[in-house]
Each structure stands twice: as structure tokens, then as C-alpha cells.
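For reference, the chains in residue letters:
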Amino acid sequence: ADQLKIQQYGVFGISNGGPYVMACLTHPEPAIRNRVKAGCMVVGTSDVWASGYFSWRNPSCFAEGIYNSLPVAVTGPLNYLLINFGRLYLFGLGGYKSLAKSFPNIDSDDAKRVLDQVLKDGSANAGLGSAIDCQQGLSPLYARSTTSADSAETAYSQISVPVSLWYGTTDSTVPMATAEWLQRTIPNSTLNKVEAGHGLYFSHAEKVLDDFVAKMEAARADPPSSVPA
């Protein structure tokens, strides 16, 4: 934001982008935190301990937390192989056509280029970047302590800007309980439950973005009162 000379902005994250949204909204420096005027999380993870995401009751989430707690020297090369296999399937073996049938709004050359670039970025540096990203967002080793003064509950409860939460009722990756915990904890949050899976954004991008822009405009016109730190 400083490089672009943007003084006020909103933060938007999909899936593992969720922790970055929360990091901006709860930044310890008020001068930075107060520049954020709205947040939006789409099927996003949050604090994996406090939200109950990392739990044996959610086997896939539990396994994901264990995997991303391994050294990045291990997960990086594995991520590299998995991401490039995905690129081969999508762009070399015709998988993108099947994906576009399920999500017609990504059936364009621009969308295809964007997805390809995202996957390229994820596999850069032998997958170490994506490994570090996933470790910080999904490993319980990097989650906030649930008993400290800076716990997720304490930090999230002090968010004063509007936050949109979009989660799929058939999502097998992020449990709805995570979304409901966020709604209970963040004072000015709105939970939108959509009949969709983890690919919710592909099928509801326009609705999600329209809602986010509306909240940004409202926040700019009528700034919310601050919540004491």
C-alpha cells in the first residue's frame, strides 16, 4: 500500500488468504490497522486453534495441520510436484475444460492465464514460498495462543470495520463451524452461507465483489467508531 501510495484500503482473501486478512485487521500498529476499512474472507481459514479448524473432529483439517507443520524443506518439494501435476492436468490434459463446465464464468482466456500464473507462482523457488505460506496459515505451531492477552478471540473481538464472510454449505475443506466462530467473534461481521463447495468464489465472484465494494463505500462514507485496544 505504501509503494502504491494507498492510504485506505480493504483486504480480501480466499481460502489460505484468510490469515492475511486477519493479520491486517488485527495488526499491532494502529497506524497500519486503522488504514484498513473493510475485510472479506471467502472460504477462508483463520486461527486454526481458536476456530476449531485443527481438530480430530475434522480429519482433513487435522491432517492438513500436521502436514503443514513439517519442515518446509520437506513440504516445499512436495508442493512443487503437486502444483505442477495440477498444471499438467489442467493445461496439458484438458482438465481446464472440465473445470470450466462446472464454473462457466472462468471459461475465458484471461481467467485461464490468471489461474496458470497463480500456479506458477505457487511452485516458484521449488515450492518453498507456498510451503511457508501454508505453514504460517495452517500449522497449529504458528497459531495464536488461546490463553494469551493477544489471543485470537481478544484480537478479533476488537475489529471495528465491516467484515464479509462467505462460506459454502457443502465445503469439505473449511468447516462451517469455522465461519460461525468468526461471525460470533468479529463484532461487525456478516456471514453469507452459500450452497457451494470450496470453489464458491468461482461461481459467486460477482456477488462477493459487489458486496465487498458496497462495504468499502459505506465505510468510506461513514467510518465506524473505533474499538478500544
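Shown above is the structure to which this text applies.
Rules used throughout
Residues numbered from 1 in each chain as written. Predicted model: local features only at pLDDT ≥ 70, side-chain atom pairs only at ≥ 80, totals over all residues. Heavy atoms only, no water. Pairing = 2+ DSSP bridges. Helix = DSSP H or I, 4+ residues; strand = E, 2+ residues; numbered from the N terminus. Axes fitted to C-alpha atoms, helices over the stretch in contact; angles between N-to-C directions. Phe/Tyr/Trp six-rings, centres within 6.5 Å; stacked < 30°, edge-to-face > 60°. Buried < 20%, exposed > 50% of the residue type's maximum accessible area, 1.4 Å probe, protein only. Lys, Arg positive; Asp, Glu negative; His and termini not counted. Salt bridge = Lys/Arg side-chain N within 4 Å of Asp/Glu carboxyl O. Polar contact = N/O pair within 3.5 Å; in protein donor to acceptor, adjacent residues only side chain to side chain. Core = buried A, V, L, I, M, F, W, Y, C linked by side-chain atoms within 4.5 Å. Contact = heavy atoms within 4.5 Å. 1 Å grid on protein atoms, 1.4 Å probe; cavity = no way out; pocket = protein on both sides within 12 Å on 5 of 7 lines; lining within 4 Å. Points joined across faces, edges and corners; volume = space filled by probe spheres on them. Nonpolar A, V, L, I, M, F, W, Y, C, P; charged D, E, K, R; others polar. Patch = residues over 30% accessible without salt bridge, like charges linked within 9 Å, V, L, I, M, F, W, Y side chains within 5 Å. Areas by Shrake-Rupley, 256 points an atom, 1.4 Å probe, with all protein chains shown as cover. Arc of directions from axis to C-beta.

> How should the sheet that holds strand 2 (residues 36-42) be read in this particular structure?
One key point about sheets: their strands pair by backbone hydrogen bonds, in either a parallel or an antiparallel sense. Pairing is parallel across the open sheet formed by four strands, whose spatial order is 1-2-3-4. Edge strands, defined here as strands with exactly one partner in the open sheet, are strand 1 (9-14) and strand 4 (189-194). Sheet twist, expressed as the mean angle between neighbouring strand axes with direction ignored, is 10°. Pairing geometry for strand 2 and strand 3 (residues 163-168), over four bridges, is parallel. Bridged to Met 41 within strand 3 is Leu 165.

> Sorry, what's going on with the packing of aromatic side chains here?
Any pair of aromatic rings gets described here by the distance separating the centres and the angle formed by the planes. Considering all chains together, one arrives at seven aromatic pairs under this definition. When the ring of Trp 49 is compared with that of Phe 54, the centres are 5.2 Å apart and the planes differ by 90°; the resulting orientation is edge-to-face. Taking the relative accessible area as the measure of exposure, Trp 49 reaches 43% and is therefore partly exposed. Look at Phe 54 and you get buried, because its relative accessible area is 12%. One aromatic cluster in this structure is built from Phe 12, Tyr 201 and Phe 212.

> So what exactly am I meant to see when it comes to the side chain of Asp 171 here?
Relative to the helices and strands, Asp 171 is located in the loop between strand 3 and helix 9 (176-185). Of the side chains with opposite charge, Lys 193 comes closest to the buried, unpaired Asp 171, at an N-O distance of 13 Å. One polar contact links the side chain of Asp 171 to the main-chain amide nitrogen of Thr 173, over a distance of 2.7 Å.

> Would you mind showing me how to read the nonpolar core here?
Looking at soluble globular proteins, one finds that nonpolar side chains tend to be buried together. In this structure, Met 22, Leu 25, Tyr 156, Ile 159, Tyr 167 and Leu 182 are the most contacted members of the largest nonpolar core, which totals 29 residues. Discounting chain neighbours no more than four positions away, the residues touching Tyr 167 are Met 41, Val 43, Gly 44, Val 174, Met 176, Ala 179, Leu 182, Leu 191, Asn 192, Lys 193, Val 194 and Leu 200. By size, the runner-up hydrophobic cluster in this structure holds 10 residues, among which are Ala 38, Val 43, Trp 166 and Leu 200.

> I would appreciate a short explanation of the layout of surface pockets in the present structure.
Think of a ball as big as a water molecule: rolled over the atoms, this probe shows where empty space is left. The computed volume of the largest pocket comes to approximately 1,500 Å³. The wall of the largest pocket is formed by 40 residues, among which Ser 15, Leu 115, Val 118, Leu 119 and His 198 lie closest to the centre. Within the lining of the largest pocket, the residues separate by chemical class into 22 nonpolar, 14 polar and four charged.

> Mind showing me how you'd approach the pairing of strand 1 here?
Regular strands show a simple pattern: their side chains alternate between the two faces of the sheet. Only one face of strand 1 is covered, namely the face carrying Tyr 9, Val 11 and Gly 13; the face carrying Gly 10, Phe 12 and Ile 14 is uncovered. Across six bridges, strand 1 lies against strand 2 in parallel orientation. Considered in strand 2, the bridge of Gly 10 is made with Ala 38.

> Explain a nonpolar patch on the surface to me, please; I cannot follow it from the model alone.
Where nonpolar side chains cluster on the molecular surface, the patch consists of Leu 70, Val 74, Leu 78, Tyr 80 and Leu 81 and spans about 420 Å² of accessible area. Position of Val 74 among the secondary structure elements: in helix 4 (residues 72-92). For Val 74, a relative accessible area of 41% gives the class partly exposed.

> What am I meant to see in helix 5 (residues 95-102) here?
Because each turn of an α-helix spans 3.6 residues, side chains separated by three or four positions end up pointing in the same direction. Within the sequence span of helix 5, burial applies to Gly 95, Tyr 96 and Ala 100. Mapping the buried residues of helix 5 onto a view down its axis gives an arc of 135°, with all of them on the same face. For helix 5, the exposed residues set more than 90 degrees away from the buried face come down to Lys 97, Lys 101 and Ser 102. Contacts made by the buried residues of helix 5 are with helix 4 and helix 6 (109-123).

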